[in-house]
Each structure stands twice: as C-alpha cells, then as structure tokens.
Amino acid sequence: MGRRPTALVTGVTGQDGSFLAEQLLADGWRVVGVQRRSASPNPWRIAHLGDRLERASADLLDLGSLLSVIQQVRPDHVYNLAAQSFVPTSWEQPLLTGEVTALGAARVLEAVRLGWPQARVYQAGSSEMFGLARGSAQNEQTPFHPRSPYGVAKVYAHHLAVNYRESHGLFVVGGILFNHESERRGEEFVTRKISRAAARIKLGLQQHLQLGAMDVRRDWGFAGDYTRAMRLMLEQDEPQDLVIATGQDWSVQDFAERAFAELGLRWQDHVRHDPGLLRPAEIQRLCGDASEARRRLGWAPEIDFDGLVRRMVRADLAREGR
Ligand code: NAP
C-alpha cells in the first residue's frame, strides 16, 4: 500500500483545526494534530475523532519541538492554524500575542525550511490585517492597516510567509480569511457569546447579555466552508494568497436579532450595552471580495448567514438543555 497523503495541523484543538482534521480524515488523509502541553487538557472539539487523529506534542513557542515533529511526520501539507486568536486579549497580552501569532508562524516556517522543505504550508491570515480598510470590499490588493496587536502579528506572519516563498522557494500560501464561526467557536467570541446566551435565556439559565459595540459590521461565514478553502489553496499548481469571504456584511445587532428570534425572543428585552467591552481601536466594517478564490479554486460558501446563526443557536440550545 502506498503512503497516505499526510497533513500536520497546528491548532488542531481549535475551531478550524477540528473541522479541517475531520474533512481530511474523511478523504483518507493521515492527519497529525499538534497539541501543546496543558495542565487542564480539554480537547472537546476533536474528542469524536478518537484514534483516527494522531497527536504530536509541540508548542509554537519552541522551535525544537516543531522541528522534531516535522522531521518525524514528513507531511505533505502543514496547516499553521495555531495562534493567540482573540483580538481583545491581544491588547491585554500584546507580547504573548506577538510570540505565538507572529513569531510562532516564523518558527513553523523555519521548522519546515530546516526539516522538510518539500511540505506545502498554509498560514492562517485574517481580515483583521486590513483593519482600517479602504474601499467597500477588501481583496488581495487592499493594503493592510491592522488595528490591534493581533492584526499586527498576523501581518508579520503573512509577510514572512510570502518572504519564505520568495526567498527560500517554499510552497507557502497565506489565506486571508474573514470571520468564520460555528457551534465550535470559542465562547468568548461575540457570535458564540450571543448564540449561547440566547439559548441560556430561553432555558431560564440567564437573564441578560452584555455586549459592546452593536453596530460594527463583519463578513461572517461558516468555519467548515472556510477550512475546505484552506486545503484547495494548498492544491493549487502555484502558491497564491487568497481572500476567503462571503461578500456580505452584517452587524452584531443583525446577529443578535436573528439568534433571539430563532428562539421566539426579542433581543431588545435581554441585551444590555456595556461600554467596558468597547475596543481601544475598533474596526467599523469588514467585507471581503473572494472573487479570485471563486475563479481559481471554484470555492463558494455553502452555508449563508441565516443558516449559520440557526445552526449555532440550535447547537447551543441542545448543549445547554442537557
Ligand atoms: P482558535 O479556536 O482560537 O484555536 C487556536 C488554536 O491555537 C488552539 O488549538 C490553541 O491550542 C492553539 N495554540 C495557541 N497557542 C499555542 C501555542 N503556543 N502552541 C501551540 N498551539 C497553540 O482559533 P480558530 O478560530 O480555529 O482559528 C484558526 C486560525 O485562523 C488562527 O490562527 C486564527 O487567528 C485564524 N483566523 C481565524 C478566523 C476566524 O474567524 N475563526 C479568521 C481569520 C483567521 P489550545 O487549545 O491549547 O489553546
């Protein structure tokens, strides 16, 4: 039997890592997920994958650990999804965010260059790199103007990925992904915070939900659609950085309105404004233009905004009802 195509996924315990691992395993790939050591490991997003998902211990802060895993696994694809990924935390812990989200990506690239340079590498970039963006929709030509230490760290990682492609000839792509959500999203992120609170309010477990800015607009897609795009990006003939987005933007209020309405509730009766949750520097609106990805990859999202909100609320209702 020939060698199965092999993927190494950092951040496998996160939202995107779990969807990506699931999809690759379903298509017959060998998947090795990088997990860092934790005193309280709780990999609930990947528990259902059992032994089919292999685990390797490494940390983005430790080049040696990454190098040794890459040399052992010799992957065809490396997906660098690990990051300190929560924007508000990046103001509280800007140096840690830089160490993990920026220099961590540098360590992954170095480990590939030194240990197994034939691997194709996906670097998880973000629409937060656009920040104070110009134009009505952002595409691959839009200049970056990040507005948080997280955005700045992602810009560094993205430019370094491009640089490793240009200076070392590695097959590296930078995905510029707009917000994507699911029932596996971390509870601190605003969409999941809303879907979970709406479910808990419906069940009488909580009365109110505190939110910061309600009028900021984001282009929200479904995480499983976006992880499909990551793999397609590594299967291109030539490496190219691409924007992945739905092309439609919605406000936080739109999300809350739909989430509460799904349960027969009015958001106005339960949402309280908390100025303490406002960001030091906000991004008012982000909306992506993924026409290049549609053209080159044939990629299109399958789940729309209403479907996404419904899916998240129903999952939280089932979870909280247990
Ligand atoms: P997530 O749920 O926050 O997952 C982050 C992952 O990184 C977790 O598995 C975490 O492990 C791991 N990690 C953190 N620090 C680490 C370290 N020092 N060493 C090794 N692993 C470490 O993020 P996500 O939503 O899946 O996003 C995946 C990637 O895409 C991230 O890089 C994110 O910044 C980027 N991105 C996300 C979005 C979005 O809307 N979701 C949009 C654009 C870009 P633990 O479980 O141990 O904490």
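Criteria and thresholds
Residues numbered from 1 in each chain as written. Predicted model: local features only at pLDDT ≥ 70, side-chain atom pairs only at ≥ 80, totals over all residues. Heavy atoms only, no water. Core = buried A, V, L, I, M, F, W, Y, C linked by side-chain atoms within 4.5 Å. Buried < 20%, exposed > 50% of the residue type's maximum accessible area, 1.4 Å probe, protein only. Helix = DSSP H or I, 4+ residues; strand = E, 2+ residues; numbered from the N terminus. Contact = heavy atoms within 4.5 Å. Domains from an automatic or database assignment. Buried area = accessible area lost by both parts, 1.4 Å probe. Salt bridge = Lys/Arg side-chain N within 4 Å of Asp/Glu carboxyl O. Polar contact = N/O pair within 3.5 Å; in protein donor to acceptor, adjacent residues only side chain to side chain. Phe/Tyr/Trp six-rings, centres within 6.5 Å; stacked < 30°, edge-to-face > 60°.

S.K.: Describe the nonpolar core, listing the residues and the values that go with them.
M.R.: Judged by nonpolar contacts, the single largest core of 39 residues is most densely connected at V31, L53, Y79, L81, Y122 and I244. Secondary structure elements with two or more residues in this core: β1 (6–10), α1 (15–26), β5 (120–126), β6 (171–177), α7 (223–234), β11 (242–244) and α9 (291–297). Per element, the largest residue contribution to this core is five residues, and it comes from α7. Not counting the four nearest positions on each side in its chain, Y122 is found in contact with V78, Y79, N80, L81, V173, G175, L177, M230, M233 and L234. Membership of the second largest hydrophobic core comes to 27 residues, among which are L8, V32, L66 and A106.

S.K.: Quick one: what's the story with the domain arrangement of the protein, residue by residue and with numbers?
M.R.: With domains assigned, the protein is organised as domain 1 (6–180 + 221–244) and domain 2 (186–218 + 248–285 + 303–321). Between the C-alpha centres of domain 1 and domain 2 there is a distance of 27 Å. If you look at the interface, domain 1 gives 17 residues, while domain 2 gives 14 residues. Across the domain 1 to domain 2 interface the summed buried area is about 1,400 Å²; carbon plus sulfur atoms make up 57%. For the pair domain 1 and domain 2, the interface holds zero salt bridges. On the surface where domain 1 and domain 2 come into contact, there are three residue pairs in polar contact (both at pLDDT 80 or more). Elements that contribute at least two residues to the side of domain 1 that touches domain 2 include exactly α3 (87–92) and β10 (221–222).

S.K.: An account of the environment of S195 is needed here, citing residue identities and associated values.
M.R.: Within the secondary structure, S195 sits in helix α6 (residues 190–202). Among the residues examined, S195 registers a relative accessible area of 0% and is labelled buried. Each residue touching S195, except ones within four places of it in the same chain, is listed here: M312, V313 and D316. Within the local environment of S195, its side chain forms a polar contact with the backbone oxygen of R192, the two atoms lying 3.2 Å apart. In this structure the side chain of S195 is engaged in a polar contact, spanning 2.7 Å, whose partner is the side chain of D316.

S.K.: Just give me the short version of the packing of aromatic side chains, but keep the residues and values in it.
M.R.: Going through the model one piece at a time under the given rule, you end up with ten aromatic pairs. With 4.9 Å between their ring centres and 70° between their planes, F86 and F189 make a pair best called edge-to-face. Of this pair, F86 sits in the loop between β4 (77–80) and α3 while F189 is found in the loop between β7 (180–181) and α6, placing the two residues 103 residues apart along the sequence. With relative accessibility at 17%, the residue F86 sits in the buried group. Taking relative accessible area as the criterion, F189 reaches 12% and is therefore assigned buried.

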